[in-house]
Amino acid sequence: MTTRLFGEPVRRREDARLITGKGRYLDDIGSGALAAAFVRSPHAHARVIGIDVDEALDVEGLVAIYTYEDLTGPMAEPLPVLIPHPQLHAPRTGYPLANGVVNHVGEPVAMVVATDRYLAEDAAEKIVVTYEELPVVVGVDGAREAKAVVHEDVPDNVAAVHHQETGDVEAALAGSVNTLSFTQYIERSACTPMEGKGVHARWDADDRSLRVYSSTQAATSVRAAIAAKLELSLDKVEVIAPDVGGGFGVKIVHPWPEELLVPMAAIALGQEVKWAEDRREHFISSAHERQQRQEITVGYDDEGRVTALDVHIWHDNGAYTPYGIIVPIVTATQLVGPYAIPTYRVKVESVYTNTVIVTPYRGAGRPQGCYAMERTMDRIADALGLDRAVVRERNLIQPDQFPYDHHLTFQDGRPVIYDSGDYPGLLSKLTALVGWDSMEARRRDAAERGKLLGIGMALYVEGTGPGPYEGGHVQVLGSGKVLVSTGLTSQGQGHETVFAQIVATELGVPIEDVEVTTGDTRRFGYAVGTFASRAAVMSGNAIALAARGVRDKAIRIAADVLEANPEDLEIADGVVQVRGTPGASIPLRTVAVLSNPLRYAFDEAAKQATQFATTSSDDKPPVAEGDAPGLEHRDYYSPIRSTFASGAHAAVVEIDPATWEIDVVDYAVVHDCGNIVNPMIVEGQVHGGVAQGVGGALYERMAYDRDGQLQNASFMDFLMPYASEVPDVRIDHQQTPSPLNPLGLKGAGEAGVIPGTAAIASAIEDATGRRIASMPISPTELYDLMRDEDAERTARGTGVLA
């Protein structure tokens, strides 16, 4: 048996439970609870003139109806702006229930509670809301024109102007040998996890305490929001994230109106209340992401080296800004990628539209930034007739330049200083892995089969593991079991396995003895949440520190018992032993018993710690000053700044010129997330991310019409890639440990999705010779592009091969 499991491809411990139907999701809880349903706005922009509930009152089983008029105190105030920023000059958030005006289809107007969901939906259908329709704003271009406004007091529809600049861009561009300018678009998409949002609340009137289950990525913050909005003492509120069927960012937003309204109703009615989001609700009332218009000007020399980069982005933030301007900031600061850009200016205008709010979706602004930078590299290569890999290579930050300071400010308010990396190494591995230099032979082979073949690549750097902190608690029981808890939540990433591997390695115990709990405020009350590829970096390191604290205490206690020098002791396979002295040992579980001096013996193990069984000195207290009973330790990890993971992807596409169907036939990934805890889980994360990247490039979009109606609000109409559309992914790893944390980790959760759109756009452009300036792209759109005589050609498209 080995307990040195850090870096080993340990099978996911949670899978057996999840794939055999033993997971416990939100809708598995509270089968006898009252059910909530919502009346939601059918209009994208309208004034609420009246709400008539008379017919609904006749529905048998109806328990209560709530409108804005029923909200009091903090519940009657707008929802919070979670992350304020000085450049968010016109923040706006909605109310738990609409207060006079609705700003997107799906905004909640009334909540109905009934004895079951069917009756609640029946009653909701009988509520008549009278609206006065208002002009609608859809899309970034519509918001820029400002012929209509979303919020009356924001006449230009601009919520924020985010600006960062390094050097004199105007002068640098004027002095550049070459410049080029272009505009491109990336469309809106959404996470659509398998399980939508959901809330269950139970109020104990005698104890005046509230227990809430929520399918969330931020249990502790949901708890704080509920306590604040419902004016409860924090210690009387418990929030638990049960098994969560996917998050991808949409569940880091909080508090959702339902997370406040369902507990409010449970308290008012004195009964359990539950709401589970249906699929259409998720499409029209949760969160989306991605849509941007990007105007780019770049200066460069004859070798393809960038001398200046000027980017102006228009970002669609939807109807409200509850999550601040995190996505625009991430785009602005991650856009520079792995390149040394001597002079950089970025301006992001974040605009209101009468559409669903935009908040982080896996990648959170990074795919857009990568799309901007990598398409710029492709354009430079095309203009100069250079190989695209060569242009990238000439602009890369070199290994001896770390730590590399971009002189920008990241989403955590800390400087963008890359901690470590080897970007030329990534590129070299990628070109070898995909066979970049032998692509002409594959191109000829495809042509013989009547197909157009193209290849594209994209490199990225991903800020991961932002603070401010996470914590971990590790406790060894007298049974030998090791309990581990951390406050952030899990959505299926494999935390149970990874955190157990870390503890097994740090503490020298069998992984089978380790039990991990996440997202339960009863076990750990301080946390930030699961987002931005931060779980392994933040909670992983906190748990490692906690395990080291337990190990140190165990060694100290065992040294007293064994009358040995602590420096001579080690823990392996759950036993503390003197190195090189067989038999001089004590099980860790016995150390746990001895760590808690007892008066009463409850079992055979406990007898060893009672007052007449020990040989402790009469001159010392049973619990030493500064010590605490029990073999446990709590610790926190708070980084000085984020770590920066990196990677390089290459996509090979084949296009059928008869149908213009685009087939991704080959996909290669080289990934660097520092030291790897579990390569199998990292590769699983990369695979999942690549699938979402393919979806974002070729299939997934939110199709709003000019009235703000979402035309594809179901899985019948919202395209996504099946396994048949996701290629086999070849992965190579590179490990440049982060010097910023004890385990040398960088995040891996979002990496796979970041470069997909950029790489596939490049490959399509390479195959067709037509400039690709808007993604995703469908076969019909590609067909139209190929038939457009005015469509811009690349060097390949004009017969000049780059």
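Residues numbered from 1 in each chain as written. Predicted model: local features only at pLDDT ≥ 70, side-chain atom pairs only at ≥ 80, totals over all residues. Heavy atoms only, no water.

1. Description of helix α14 (residues 535-562)
Under the 1.5 Å per step criterion, the end-to-end length of α14 is 38 Å for 28 residues, consistent within 8% with the ideal 40 Å. Directly after α14, the chain includes Glu563, whose backbone phi takes a positive value near 50°. (Helix = DSSP H or I, 4+ residues; strand = E, 2+ residues; numbered from the N terminus. Expected span 1.5 Å × (residues − 1).)

2. Brief notes about the sheet that holds strand β21 (residues 514-518)
Strand order in the open sheet formed by four strands is β21-β20-β19-β25, and the pairing between neighbours is mixed. Among the strands making up the open sheet, the edge pair consists of β21 and β25 (631-637). Shown here is a sheet whose adjacent strand axes are inclined to one another by a mean of 15°, direction ignored. Running at roughly 135° to β21, helix α13 (residues 495-507) makes contact with β19 (470-476), β20 (482-486) and β21 of the sheet. Contacts from α14 reach β19, β20 and β25 within the one sheet, and its direction differs from that of β25 by about 145°. (Pairing = 2+ DSSP bridges. Axes fitted to C-alpha atoms, helices over the stretch in contact; angles between N-to-C directions. Contact = heavy atoms within 4.5 Å.)

3. What about the nonpolar core?
Judged by nonpolar contacts, the single largest core of 52 residues is most densely connected at Leu309, Tyr344 and Tyr418. Those residues in contact with Tyr344, other than ones at most four positions away along the chain, are Gln164, Glu165, Thr166, Val169, Leu309, Val311, Ala332, Leu335, Val336 and Leu408. Counting 47 residues, the second-largest nonpolar core is a separate cluster that includes Val503, Ile511, Met538 and Leu743. (Core = buried A, V, L, I, M, F, W, Y, C linked by side-chain atoms within 4.5 Å. Buried < 20%, exposed > 50% of the residue type's maximum accessible area, 1.4 Å probe, protein only.)

4. Some remarks on the sheet that holds strand β2 (residues 46-52)
Ordered in space as β4-β2-β6, the three strands form an open sheet in which the pairing is antiparallel. Two strands close off the open sheet at either side, each with one partner strand: β4 (101-102) and β6 (128-133).

5. Let's talk about the pattern of salt bridges
Enumeration according to the criterion identifies 52 salt bridges in this entry. Measuring nitrogen to oxygen at the nearest pair gives 3.4 Å for the salt bridge that ties Arg366 to Glu750. Of the two residues, Arg366 is situated in helix α9 (residues 366-384) and Glu750 in the loop between β28 (729-733) and α18 (756-768); the sequence distance between them amounts to 384 residues. Relative accessible area serves as the criterion here: at 9%, Glu750 is assigned to the buried category. Among the salt bridges present, the one from Arg556 reaches Asp627, with a minimum N-O distance of 3.1 Å. A residue pair is termed long-range when its members are at least 10 positions apart, and Arg556 in helix α14 and Asp627 in the loop between α16 (604-607) and β25 qualify at 71 residues. Linked through salt bridges whose partners overlap, the residues forming this network are Glu374, Arg375, Asp378, Arg379, Asp382, Arg392, Glu765, Arg771 and Glu792. (Salt bridge = Lys/Arg side-chain N within 4 Å of Asp/Glu carboxyl O.)

6. Looking at the pairing of strand β8 (residues 178-186)
Across the two faces of β8 the burial differs, with Asn178, Leu180, Phe182, Gln184 and Ile186 buried and Thr179, Ser181, Thr183 and Tyr185 not buried at all. Pairing analysis gives nine bridges linking β8 to strand β13 (residues 292-300), with the strands arranged antiparallel. Directly across from Asn178, in β13, lies its bridge partner Tyr300.

7. Focus: the packing of aromatic side chains
The tally for this structure, following the rule as stated, stands at eleven aromatic pairs. Here the aromatic rings of Tyr469 and Tyr636 are separated by 5.9 Å at their centres, their planes lie at 65°, and the arrangement is edge-to-face. Taken together, the residues span a long stretch of sequence, with Tyr469 in the loop between β18 (452-464) and β19 and Tyr636 in strand β25 at a distance of 167 residues. Residue class for Tyr636 comes out partly exposed when judged on its relative accessible area of 32%. One aromatic cluster in this structure is built from Phe402, Tyr404, Phe410, Tyr418, Tyr423 and Phe644. The ring of Tyr361 is capped by Arg290, whose NZ or CZ atom sits 4.1 Å from the centre of that ring. (Phe/Tyr/Trp six-rings, centres within 6.5 Å; stacked < 30°, edge-to-face > 60°. Lys NZ or Arg CZ within 6 Å of the ring centre and 35° of its normal.)

8. Considerations on the packing of helix α5 (residues 219-229) against helix α6 (residues 257-269)
Packed helix pairs are specified by the crossing angle of their axes together with the interaxial distance, meaning the distance between the axes. Packing of α5 against α6 leaves a shortest axis separation of 10 Å and a crossing angle of 55°. Comparing their axes, α6 and α5 come out oblique. In terms of crossing hand, the pair formed by α5 and α6 is right-handed. Residue-level inspection shows Val222, Ala225, Ile226 and Lys229 of α5 in contact with α6, the latter providing Glu259, Leu260 and Pro263. Among the residues forming the contact of α5 with α6, the class breakdown is five nonpolar, no polar and two charged. (Parallel < 35°, antiparallel > 145°, perpendicular 65-115°, else oblique. Left-handed = near helix turned anticlockwise from the far one by under 90°. Nonpolar A, V, L, I, M, F, W, Y, C, P; charged D, E, K, R; others polar.)

9. Some points on the UniProt feature "domain: Aldehyde oxidase/xanthine dehydrogenase a/b hammerhead" (unreviewed entry) in the chain
Listed under "domain: Aldehyde oxidase/xanthine dehydrogenase a/b hammerhead" (unreviewed entry) in the UniProt record, and renumbered for this structure, are residues 20-135. Between the C-alpha atoms that bound residues 20-135 there is a distance of 50 Å. The span itself is 8% helix and 29% strand. (UniProt positions renumbered as here; feature names shortened; annotations may be inferred.)

10. Regarding the domain arrangement of the chain
Where interface size is quoted, it is often the accessible area lost as the parts come together. Assigned domains within the chain: domain 1 (32-132 + 197-276), domain 2 (288-466 + 640-787) and domain 3 (467-637). Summing both sides of the interface, domain 1 and domain 2 together bury roughly 1900 Å²; the carbon and sulfur share of this comes to 63%. At the surface where domain 1 touches domain 2, the tally comes to zero salt bridges. On inspection of domain 1 and its partner domain 2, the count reaches ten residue pairs in polar contact (both at pLDDT 80 or more). (Domains from an automatic or database assignment. Buried area = accessible area lost by both parts, 1.4 Å probe. Polar contact = N/O pair within 3.5 Å; in protein donor to acceptor, adjacent residues only side chain to side chain.)

11. Digging into α18
Compared with an ideal rise of 1.5 Å per residue, which puts 13 residues at 18 Å, α18 spans 18 Å between its outermost C-alpha atoms and is within 8% of the ideal. Among the 13 residues in α18, 13 count as buried, and that is most of the element.

12. As for the environment of Glu750
Residues Glu750 and Arg362, spaced 388 residues apart in sequence, show a C-alpha to C-alpha distance of 5.6 Å. Among all residues touching Glu750, those that are not within four sequence positions of it are Arg362, Gly363, Ala364, Arg366, Glu462, Ala532 and Ser533. There is a polar contact of 2.7 Å between the side chain of Glu750 and the backbone nitrogen of Gly363.

13. Overview of the environment of Gly337
Mapped onto the secondary structure, Gly337 falls in the loop between α8 (326-334) and β15 (344-351). With sequence-adjacent residues up to four places away left out, Gly337 is seen in contact with His406, Tyr418 and Val461.

14. Remarks on the side chain of Arg770
Of note, Arg770 is situated in the loop between α18 and β29 (774-775). Although buried, Arg770 forms no salt bridge, and the nearest oppositely charged side chain, Glu789, lies 6.2 Å from it. With residues near it in sequence (within four places) discarded, Arg770 still touches Glu765, Leu785, Met786, Ala791, Glu792, Arg793 and Thr794. (Lys, Arg positive; Asp, Glu negative; His and termini not counted.)

15. A short note on the pairing of β21
Alternating positions in β21 separate cleanly, Val514, Val516 and Thr518 being buried on one face and Glu515 and Thr517 remaining unburied on the opposite face. Strand direction decides the pairing type here: β20 and β21, joined by five bridges, are parallel. Paired with Ser485 across the two strands is Thr517, which belongs to β21. As for the winding sense of the linkage, the β-α-β connection from β20 through α13 to β21 is right-handed. (Right-handed = clockwise from strand over helix to strand, strands pointing away.)

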